[in-house]
Amino acid sequence: MLHILSVDDLSNDFLYSLWQEAIFKKGLINNKLKGKILTNLFYEPSTRTSSSFYSAMTRSGGAVIPINDVQFSSIAKGESLEDTIMTMSAMSDAIVIRHTENGSARRASMVSKVPIINAGDGNGEHPTQTILDGFTIYCFNNKKLSNLRITLIGDLKNGRTVKSLVKLLNRFDNNHFNFVSPSQLKFSNPLPSKYYETDNIDEVLKDTDILYVTRVQKERGSRHNYSLSMDQLNSLPKKSIVMHPFPRINEIPQEFDKDSRAKYFDQIQFGVWCRQILLERVLS
Amino acid sequence: MLHILSVDDLSNDFLYSLWQEAIFKKGLINNKLKGKILTNLFYEPSTRTSSSFYSAMTRSGGAVIPINDVQFSSIAKGESLEDTIMTMSAMSDAIVIRHTENGSARRASMVSKVPIINAGDGNGEHPTQTILDGFTIYCFNNKKLSNLRITLIGDLKNGRTVKSLVKLLNRFDNNHFNFVSPSQLKFSNPLPSKYYETDNIDEVLKDTDILYVTRVQKERGSRHNYSLSMDQLNSLPKKSIVMHPFPRINEIPQEFDKDSRAKYFDQIQFGVWCRQILLERVLS
Amino acid sequence: MLHILSVDDLSNDFLYSLWQEAIFKKGLINNKLKGKILTNLFYEPSTRTSSSFYSAMTRSGGAVIPINDVQFSSIAKGESLEDTIMTMSAMSDAIVIRHTENGSARRASMVSKVPIINAGDGNGEHPTQTILDGFTIYCFNNKKLSNLRITLIGDLKNGRTVKSLVKLLNRFDNNHFNFVSPSQLKFSNPLPSKYYETDNIDEVLKDTDILYVTRVQKERGSRHNYSLSMDQLNSLPKKSIVMHPFPRINEIPQEFDKDSRAKYFDQIQFGVWCRQILLERVLS
């Protein structure tokens, strides 16, 4: 049984094979998962991620039990995660879980009779986001994930998408990382082999192939303003790409959306394509 | 790409054609929308309307991503309407949107890559309600929408269903409107060509072919009581019909439900039939 | 039209026939309910029960309108239960209703144009839980429901699952009931023909074929602690079975889950199987 808990569970071979199929299928409708049932078990709401799985599962002919309201439900009334997982694994063929606590997806996998897909556990991992982030780079960088200058900006301390993407890209040759964050939100270990740290984005924009922008949440206490201006974004190399896991508040102006370097809406579409192939593999 | 934003977007030809097909199909199950995905994006809950679209889409073999909880979701955390629409249009083939603000459906249509259907935007429009209201009259008035005496009662100032229905009926010949409301909740412009205003329903009941009842919300500050009695309803002409967009509080007594003039439950069924045909047209 | 409102509506013949089919089909995917639409109308959330119906309906190819948030929805704004039922019965082919008030499922059945299935009404009935509880005994007791020593423990005064199960088992020959509860939460009438009452579980564990454990809710004011220990559970006869309608808080230690007598997760699976057959019968 294949659980998807961490980017560490995903070999390069597995990813390349999944991406090749995703780029070939492009979300095409089929009936491979007809009669299969997925549970979307979201302990904290995430409309984007739960809808992406919903769309992916439906494209392959499967059905989804949408549980987006665990905090209001009877499940919340003191039932253990293990009992909830045992319950839903008696009713469905796989479970996508989003939870507030780091490690909860792994706990779920210990008791589940069906595959568990981690859709974000606290400040832990979010491997399907990494699959789509990697796929985006794969698509726009000639199917390669090496020889890249990656600039990551925002809250690099708490952001699980950043942590997992660095883990993934550090597996490939000759990648250089620029970490741009307020000093109290610096990227923590494990640090990649080649990196540079700063709190000033202007130092590195020109030396960037991939700009990965994340949000700095107000409650983290940063006084830095990481709203990028059109001038700053225009100073990026012509062949660079700009990514964002969303939601976006004011990190990137809407005006930039039409720029050919803006790939954040492609990411969302790619998420559906990749999750569809992933579900087909996990459920077959 | 066909957006359904306002009753002004719906030509008489379009409506007649849709109604003719709806009356012929009567919600019949088919597979026309197999593999298609609709997003129900409800910024304020409306179980009746979202369920109607759900039922309609499902009848044609399609699937629905139900987002009925936007106010609790991550989407609510400061993301712009435009980003949410871009997101959902990357995952689905059409978007039904209910929003608290007038004009939001049109804003959505400006950025969406898939058709937008307005399911109510603030005190603006609710064109699919008008489609089913018009269909109800079409069905019970020999497929004609002319030569009618229409009495509208309730909060005529804020009710978007009233506004849109008057717009529609005013396109047809020789329709006369009776507006019955407290003075502070009077129907505002654009006024139709022939109308009469009063705050006393008893003046006009006998001269009514269609009685369209709406709710006066307490918070609007009216002291008027528009609960119709059985005696009042029985004074309507035998061939008249009584409509209500629902929910009903106490405007019409439950006792009247069995009267052959009561058509408000037909309206609900007709809503499913009409929306099914509409979705088939929008999505093909 | 077949409404499922009370265990009293379910004849032994009906139950045996349903169970025989359920044990034969075991939740097998089919297309019997293709094009059929079920409304899950939950006035109080119950993820377990609503998901079970969702899974059951989907296994037979049908669709579900999930209304799990009535308390937040426009339906909640003063609309009568009757109007809501009329509305949903114009859009769907059957309605599963969970409600806070005893008798509400029967009220729903008075106006509905489609079958009503009671999924719990206040402290009234929950007949589909009884179907699966009975099925569990049927499966693990050689397809018989007679000659049993049943020990029920917990809040026997308010628990609707206990009431309905006693009603069912009392129809069969030679069943003896042990009621174990704090004195203020004693099982009330109608009492079965043979029973024994105590507040001490240790008196009866050795004379138990079926141990049916329920939760004592704190707010009921009991000072008793009905957390069973491994020692207590191990003193049950080797051929006995332990059931629980869930959610479980601390009545049964997780350590016992692997014991072959623990059947509470089988109950959950059996719920899907039984509800699938039930839906097929109600909807055909």
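Residues numbered from 1 in each chain as written. Chains lettered and ligands numbered in written order. Predicted model: local features only at pLDDT ≥ 70, side-chain atom pairs only at ≥ 80, totals over all residues. Heavy atoms only, no water.

## Here we look at the overall build of chain A
Inference 1: In terms of helices and strands, chain A carries 8 helices and 9 strands.
Inference 2: Taken over the C-alpha atoms alone, chain A extends approximately 55 × 40 × 35 Å along its principal axes.
Inference 3: Counting only residues that meet the buried cut, chain A has 62% of its 284 residues in that class.
Inference 4: Put simply, of all contacts in chain A between residues at least 6 apart along the chain, 70% involve residues at least 24 apart.
Inference 5: When the accessible surface of chain A is totalled, it reaches about 10800 Å², and 47% of it is carbon and sulfur.
Inference 6: Mean positive and mean negative side-chain charge positions of chain A (35 and 30 charges, respectively) differ by 4 Å. (Helix = DSSP H or I, 4+ residues; strand = E, 2+ residues; numbered from the N terminus. Buried < 20%, exposed > 50% of the residue type's maximum accessible area, 1.4 Å probe, protein only. Contact = heavy atoms within 4.5 Å. Areas by Shrake-Rupley, 256 points an atom, 1.4 Å probe, with all protein chains shown as cover. Lys, Arg positive; Asp, Glu negative; His and termini not counted. Charge placed at Lys NZ, Arg CZ, Asp CG, Glu CD.)

## Some words on helix α1 (residues 12-25) of chain A
Residue and element names in this part refer to chain A.
Inference 1: Taking 1.5 Å of rise per residue, 14 residues should cover 20 Å, and α1 covers 20 Å from first to last C-alpha, within 8% of that figure.
Inference 2: Among the structural elements, α5 (127-140), α6 (160-169) and α8 (264-282) are those in contact with the buried residues of α1.
Inference 3: The positive-phi residue at the C-terminal boundary of α1 is Lys26, with phi of around 50 degrees. (Expected span 1.5 Å × (residues − 1).)

## Brief notes about the environment of C:Val111
Residue and element names in this part refer to chain C.
Inference 1: Looking at the element boundaries, Val111 is found in helix α4 (residues 104-111).
Inference 2: Its relative accessible area of 22% is what places Val111 among the partly exposed residues.
Inference 3: For the pair Val111 and Leu18, spaced 93 residues apart in the sequence, the C-alpha separation amounts to 27 Å.
Inference 4: Other than its neighbours up to four places away in sequence, Val111 contacts Glu82, Ile85 and Met86.

## Considerations on the pairing of strand β6 (residues 176-180) of chain B
Residues and elements named next belong to chain B.
Inference 1: The buried count for β6 comes to 4 of 5 residues, which makes it a mostly enclosed element.
Inference 2: Pairing analysis gives 5 bridges linking strand β5 (residues 149-153) to β6, with the strands arranged parallel. Counted as the bridge partner of Arg149 is His176 from β6.
Inference 3: Read from β5 through helix α6 (residues 160-169) to β6, the crossover connection turns out right-handed.
Inference 4: Note that β6 and strand β7 (residues 195-198) share 4 bridges and pair parallel. Residue pairing across strands places Phe177 opposite Tyr195, the latter belonging to β7. (Pairing = 2+ DSSP bridges. Right-handed = clockwise from strand over helix to strand, strands pointing away.)

## Quick notes on the domain arrangement of chain A
All names here are of chain A.
Inference 1: Assigned domains within chain A: domain 1 (7-125 + 271-283) and domain 2 (128-267).
Inference 2: Taken together, the contacts link 29 residues of domain 1 with 23 residues of domain 2.
Inference 3: At the boundary of domain 1 with domain 2, the tally comes to 2 salt bridges.
Inference 4: For Lys167, the salt bridge is made with Asp8, and the minimal N-O distance between the two is 3.0 Å.
Inference 5: Linking domain 1 with domain 2 are 11 residue pairs in polar contact (both at pLDDT 80 or more), by the criterion used here.
Inference 6: For the side of domain 1 that touches domain 2, the elements supplying multiple residues, two or more each, are α1, α2 (47-59), β4 (116-121) and α8. (Domains from an automatic or database assignment. Salt bridge = Lys/Arg side-chain N within 4 Å of Asp/Glu carboxyl O. Polar contact = N/O pair within 3.5 Å; in protein donor to acceptor, adjacent residues only side chain to side chain.)

## Let's talk about the packing of aromatic side chains
A ring pair, where both rings are aromatic, is described by two values, the distance of the centres and the angle of the planes.
Inference 1: According to the stated counting rule, one finds 45 aromatic pairs over all chains in the structure shown.
Inference 2: Note on B:Tyr16 and B:Phe172: the rings are 6.2 Å apart at their centroids and 90 degrees apart in plane angle, and the pair reads as edge-to-face. Residue B:Tyr16 is found in helix α1 (residues 12-25), and its partner B:Phe172 is found in the loop between α6 and β6; the two are separated by 156 residues along the sequence.
Inference 3: What makes B:Tyr16 partly exposed here is its relative accessible area of 24%.
Inference 4: Grouped by ring-pair contacts, the aromatic residues A:Tyr16, A:Trp19, A:Phe135, A:Tyr138, A:Phe140, A:Phe172, A:Phe270 and A:Trp273 constitute a single cluster.
Inference 5: Looking at A:Lys263, its charged tip hangs above the ring of A:Phe140, at a distance of 4.1 Å from the centre. (Phe/Tyr/Trp six-rings, centres within 6.5 Å; stacked < 30°, edge-to-face > 60°. Lys NZ or Arg CZ within 6 Å of the ring centre and 35° of its normal.)

## A few points about the sheet that holds strand β5 (residues 149-153) of chain C
Residue and element names in this part refer to chain C.
Inference 1: Taken together, 5 strands build an open sheet; the order of strands is β7-β6-β5-β8-β9 and the sheet is parallel. Across the chains shown, the open sheet's two edge strands, defined by having one partner strand only, are β7 (195-198) and β9 (241-243). The sheet shows a mean angle of 15 degrees between the axes of neighbouring strands, taken without regard to direction.
Inference 2: The pairing of β5 with strand β8 (residues 210-213) spans 4 bridges and is classified as parallel. Bridge pairing in β8 links Ile153 to Val213.
Inference 3: Contacts from helix α6 (residues 160-169) reach β5, β6 (176-180) and β8 within the one sheet, and its direction differs from that of β5 by about 165 degrees. (Axes fitted to C-alpha atoms, helices over the stretch in contact; angles between N-to-C directions.)

## Quick word on the interface of chain A and chain B
Inference 1: Across the boundary between the two partners, chain A contributes 23 residues, which contact 25 residues of chain B.
Inference 2: Taking both sides of the interface into account, the surface hidden between chain A and chain B amounts to around 2100 Å²; carbon and sulfur atoms contribute 58%.
Inference 3: Looking only at chain A, the three residues that lose the most surface to chain B are A:Thr47, A:Tyr54 and A:Phe265, adding up to 24% of its buried area.
Inference 4: Between the two partners, chain A and chain B, sit 2 salt bridges.
Inference 5: The partner of A:Arg48 in a salt bridge is B:Glu79, with the nearest N and O atoms 2.5 Å apart.
Inference 6: Across the chain A-chain B interface, the total number found is 6 residue pairs in polar contact (both at pLDDT 80 or more).
Inference 7: Residue assignment for the side of chain A that touches chain B shows that the elements contributing at least two residues are α2 and α8 of chain A.
Inference 8: Top element by residues in the side of chain A that touches chain B is α2(A). It accounts for 8 residues.
Inference 9: Taken together, the residues of the side of chain A that touches chain B sort by class into 10 nonpolar, 10 polar and 3 charged. (Buried area = accessible area lost by both parts, 1.4 Å probe. Nonpolar A, V, L, I, M, F, W, Y, C, P; charged D, E, K, R; others polar.)

## Some remarks on the relation of the copies chain A and chain C
Inference 1: Placing chain A over chain C gives an RMSD of 0.0 Å and needs a rotation angle of 120 degrees, together with 0.0 Å of translation along the axis. Such a turn and shift between the copies fits a three-fold axis.
Inference 2: A different interface surface on each copy is seen, since only 8% of the contact residues of chain A are contact residues in chain C too. (Least-squares fit on C-alpha atoms with pLDDT ≥ 70 in both.)

## Describing the relation of the copies chain A and chain B
Inference 1: Once chain A is rotated about the relating axis by 120 degrees and shifted along it by 0.0 Å, it coincides with chain B to within an RMSD of 0.0 Å.
Inference 2: When the interface residues of chain A are mapped onto chain B, a mere 9% of them again fall at the interface, so the copies present different faces.

## Focus on the state of the cysteines
Covalently bonding the sulfur atom of one cysteine to the sulfur atom of another cysteine gives a disulfide.
Residue and element names in this part refer to chain A.
Inference 1: The final tally for this structure, using the stated rule, is 0 disulfides over all chains.
Inference 2: Here Cys274 is not disulfide-linked; the sulfur of Cys139 is the nearest cysteine sulfur, at 7.5 Å.
Inference 3: The exposure class of Cys274 is buried, given its relative accessible area of 2%. (Disulfide = S-S within 2.5 Å.)

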